[in-house]
Amino acid sequence: MHGDEQTDAKDQADKQTREQAEEQEEAVVRENLEEESGSGFSLSDDEHETVEDSSAPRAAVLHEIIRRRGQEELSRGVAALAWSALAAGLTMGFSFLARAVLHRYVQDIPAGFLIEGFGYTFGFIAVIIARQQLFTENTLTVVLPVMTAPSLRKFGRLFRLWGVVLAGNLVGVTLFALGLLKLHQFDAATQASFIDIGRELMHNTPFEMFSKGVLAGWIIAMMVWMMAATEQSRLVIIILCTYLIAIGGFTHIVVGSAEAMYMVFAGETSFADAVLRFGLPTLAGNVVGGSLIFALISHAQVRSDSHEN
């Protein structure tokens, strides 16, 4: 009997030892799971890589991507900027052209403006995919390097780039508008569509030009920010953002200049009106929306995150 009691006690002690060992092992496993995945699920190395690849980049990463691109743009020579800006201005005229051609055929259809708005996206797609110099893109891209490390030299380069690119864009769209009117490539119905779109633009008051320009500049800056986050969806992002500008009736200094200058050449409005009523208020609005609102807020967000970390 005494031997049986010793055997039972030994078995019970062994059982307790095993239970304690199992509990310790489970605790170690749980700790490792928390450290590795933070979700309680065991993941392989390949699965961890998949999670990292699928995670959206932090705002600081997007900021740095755009800042480096802006730094590259600020270092480019004047001649390269000017030719690229001129090419972009000529290309952006196709937004006006495509929208007017669609307008001719859908203007009598209920909500036809929703269809013609897709024409507005064409020039933006071509310019951005081709990496040509578009002024409203640069209200964000080249501003971030200046905000990150302000200096008189960088401000000088910023205003130099803005001046060259804006001038090149405006010369390009002006030549395009002149060609649309003088080269007689379209019939009277299509020419009337050009006038309809121009009248719609010039119907805005200077304050409406400015306020709608703020929204357009803001949307373009958002577009640039979103495109930095992905390579696969760039085309969709461009179409959605610029389509919103079209159907919202927001004013864009480059595309709108093609419309305004066409009206000048057609004798529908004066050059002074095109500049004072449309050009200056819209330019101010685009800069405020892209630089003073979106770029400033995005930069402040990243700086706050870096200080907290």
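Residues numbered from 1 in each chain as written. Predicted model: local features only at pLDDT ≥ 70, side-chain atom pairs only at ≥ 80, totals over all residues. Heavy atoms only, no water.

**Examining the nonpolar core**
Inference 1: By size, the foremost hydrophobic cluster in this structure holds 69 residues, and its most contacted members are Met92, Phe124, Leu140, Trp162, Met223, Trp225 and Tyr262.
Inference 2: Looking at this core element by element, the count peaks at 11 residues for helix α8 (residues 152-182).
Inference 3: Dropping the residues within four chain positions of it, tyrosine 262 is found in contact with Phe96, Ala177, Leu180, Leu181, Gln191, Phe194 and Ile195. (Core = buried A, V, L, I, M, F, W, Y, C linked by side-chain atoms within 4.5 Å. Buried < 20%, exposed > 50% of the residue type's maximum accessible area, 1.4 Å probe, protein only. Helix = DSSP H or I, 4+ residues; strand = E, 2+ residues; numbered from the N terminus. Contact = heavy atoms within 4.5 Å.)

**Digging into the environment of lysine 212**
Inference 1: You can see lysine 212 is positioned in helix α10 (residues 206-229).
Inference 2: For lysine 212, a relative accessible area of 23% translates into the label partly exposed.
Inference 3: A sequence separation of 74 residues divides lysine 212 from asparagine 286, and the C-alpha atoms of the two residues are 8.5 Å apart.
Inference 4: Non-local contacts of lysine 212, meaning those with residues more than four positions away in its chain, are made with Asn204, Gly249, Phe250 and Thr251.
Inference 5: Among the polar contacts listed, one links the side chain of lysine 212 to the side chain of asparagine 204, at a separation of 2.8 Å. (Polar contact = N/O pair within 3.5 Å; in protein donor to acceptor, adjacent residues only side chain to side chain.)

**Here's the deal with the packing of helix α9 (residues 188-202) against helix α12 (residues 253-265)**
Helix-helix packing: each pair is described by the crossing angle between the helix axes and the interaxial distance.
Inference 1: One can describe the packing of α9 onto α12 by two numbers: an axis separation of 9 Å at closest approach and a directional angle of 110 degrees. Relative to α12, α9 is oriented roughly perpendicular. In the packing of α9 onto α12, the handedness of the crossing is left-handed. Contacts from Gln191, Phe194, Ile195, Ile197, Gly198, Arg199, Leu201 and Met202 of α9 reach α12 at Gly256, Glu259, Ala260, Tyr262 and Met263.
Inference 2: Classifying every residue of the contact of α9 with α12 gives 8 nonpolar, 3 polar and 2 charged. (Axes fitted to C-alpha atoms, helices over the stretch in contact; angles between N-to-C directions. Parallel < 35°, antiparallel > 145°, perpendicular 65-115°, else oblique. Left-handed = near helix turned anticlockwise from the far one by under 90°. Nonpolar A, V, L, I, M, F, W, Y, C, P; charged D, E, K, R; others polar.)

**Structural notes on the confidence of the model for the protein**
Inference 1: For the protein, the average pLDDT comes to 85, and 79% of its residues sit at 70 or higher.
Inference 2: By mean pLDDT, helix α2 (residues 45-54) is the weakest element of the protein at 51, and α12 is the strongest at 98. (pLDDT = per-residue confidence, 0-100.)

**Quick look at the pattern of salt bridges**
Inference 1: Evaluated as defined, the whole model comprises 7 salt bridges.
Inference 2: Glutamate 73 is the partner of arginine 76 in a salt bridge, and the nearest nitrogen-oxygen pair spans 3.4 Å.
Inference 3: Exposure remark for arginine 76: the relative accessible area of 27% places this residue in the partly exposed category.
Inference 4: The exposure class assigned to glutamate 73 is buried, which follows from its relative accessible area of 12%.
Inference 5: Via salt bridges that share partners, Glu64, Arg67 and Arg68 belong to a single interconnected network. (Salt bridge = Lys/Arg side-chain N within 4 Å of Asp/Glu carboxyl O.)

**Things to note about unusual backbone geometry**
Inference 1: One non-glycine residue, alanine 111, adopts positive backbone phi at about 60 degrees.
Inference 2: Checked against the element boundaries, alanine 111 lands in the loop between α4 (78-106) and α5 (113-129).
Inference 3: We classify alanine 111 as partly exposed; its relative accessible area is 42%.
Inference 4: One non-glycine residue, arginine 131, lies in the positive phi region at around 60 degrees.
Inference 5: By the secondary structure assignment, arginine 131 is in the loop between α5 and α6 (138-141).

**Observations regarding the packing of aromatic side chains**
Inference 1: With the rule as written, the count across this model stands at 11 aromatic pairs.
Inference 2: Here the aromatic rings of phenylalanine 118 and tyrosine 243 are separated by 4.2 Å at their centres, their planes lie at 20 degrees, and the arrangement is stacked. A residue pair is termed long-range when its members are at least 10 positions apart, and phenylalanine 118 in helix α5 and tyrosine 243 in helix α11 (residues 234-248) qualify at 125 residues.
Inference 3: The class of phenylalanine 118 is partly exposed, set by a relative accessible area of 46%.
Inference 4: Here the aromatic cluster, defined as three or more aromatic residues joined through ring pairs, consists of Phe96, Phe186, Phe194 and Tyr262. (Phe/Tyr/Trp six-rings, centres within 6.5 Å; stacked < 30°, edge-to-face > 60°.)

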